[in-house]
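Chains, contacts and geometry: an overview
The chain contents come next:
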Amino acid sequence: MLAITLPTALDADNLRTILLLVVVGLLVFGYLVARLVREIVVKGVVLALVAIIGLVLWNQRAALGDCIDDADCTCAVAGFDVQLPSATERLRCG
C-alpha cells in the first residue's frame, strides 16, 4: 500500500485535532442543513451522509489514537498508510 510521510509540523496529536475539528464542522454543517433545507428528502439524504462521514472520521481518529498508543511506525488513516513524524525519530523505525 502507498505510504505517505506527513510533514514534521503535522504530528499525531495535530492530526487527531484536525479530525476532531472536521467532525465539529460536519456537525455545524448538519445543523445548518437541518435549519435551512425545506425539502424533507434532500434534508434526510444530506443529514445521513453527514452522519456517516462524521462516524467514519471519528472512527479513524480513534484508530489513530490506538495506533499511536501501540507505538507503531506506520498507521492507517482513511485507507492510506501514514508514517507519523514522531515515529520516524524512533530508532526501531529506521
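Thresholds, definitions, all that
Along each chain, numbering runs from 1 in the same order as the chain's sequence is written. Per-residue local features of the predicted model are confined to residues with pLDDT of at least 70, and side-chain atom pairs are confined, for both listing and counting, to 80 or more; whole-chain, interface and lining totals are unaffected and use all residues. With hydrogens and water excluded, all non-hydrogen atoms of the structure serve as input to the side-chain values. Every helix listed is a DSSP run of H or I at least four residues long, and every strand listed is a run of E at least two residues long, numbered separately from the N terminus. Throughout, exposure labels follow a simple rule: accessible area from a 1.4 Å probe, protein chains only, divided by the maximum for the residue type, with under 20% read as buried, over 50% as exposed, and the rest as partly exposed. We call two residues in contact when some of their heavy atoms are within 4.5 Å. For the accessible areas, the method is Shrake-Rupley and the probe is 1.4 Å, while residue cover comes only from the protein chains on display. Confidence scores per residue from the predictor, reported as pLDDT, run from 0 to 100. Each Phe, Tyr or Trp ring, with Trp reduced to its six-membered ring, pairs with another whose centre is within 6.5 Å; inter-plane angles below 30 degrees give stacked pairs, above 60 give edge-to-face pairs, and intermediate values give tilted ones. For a lysine, the NZ atom is tested; for an arginine, the CZ atom; a charge sits over a ring if that atom is within 6 Å of the ring centre and within 35 degrees of the ring normal.

**Examining the overall build of the protein**
Secondary structure summary: the protein contains three helices and three strands in total. Element order for the protein, N to C, with α for helix and β for strand: β-α-α-β-β-α. The buried share of the protein, taken over its 94 residues, is 26%. Considering only contacts within the protein whose residues lie at least 6 apart along the sequence, 51% involve residues at least 24 apart. Carbon and sulfur atoms make up 66% of the accessible area of the protein, which amounts to about 6400 Å² in all.

**Thoughts on the environment of Ile 18**
Here Ile 18 lies in helix 1 (residues 12-36). Residue classification places Ile 18 among the partly exposed residues on the basis of a relative accessible area of 39%. On a C-alpha basis, the gap between Ile 18 and Arg 61 in space is 9.3 Å, while along the polypeptide they are 43 residues apart.

**Notes on the confidence of the model for the protein**
Per-residue pLDDT for the protein has a mean of 77; in total, 65% of the residues score no lower than 70. Element-level mean pLDDT values for the protein span from 54 in helix 3 (residues 85-88) up to 87 in helix 1.

**Let's talk about the packing of aromatic side chains**
Throughout the structure, instances matching the rule amount to zero aromatic pairs. Sitting above the plane of the Trp 58 ring, Arg 61 keeps its charged end 5.0 Å from the centroid.

**Quick word on the side chain of Arg 61**
When you line up the elements, Arg 61 lands in helix 2 (residues 40-69). With a relative accessible area of 17%, Arg 61 lands in the buried category. Arg 61 has contacts with Arg 16, Leu 19 and Leu 20, leaving out every residue within four places of it along the chain.

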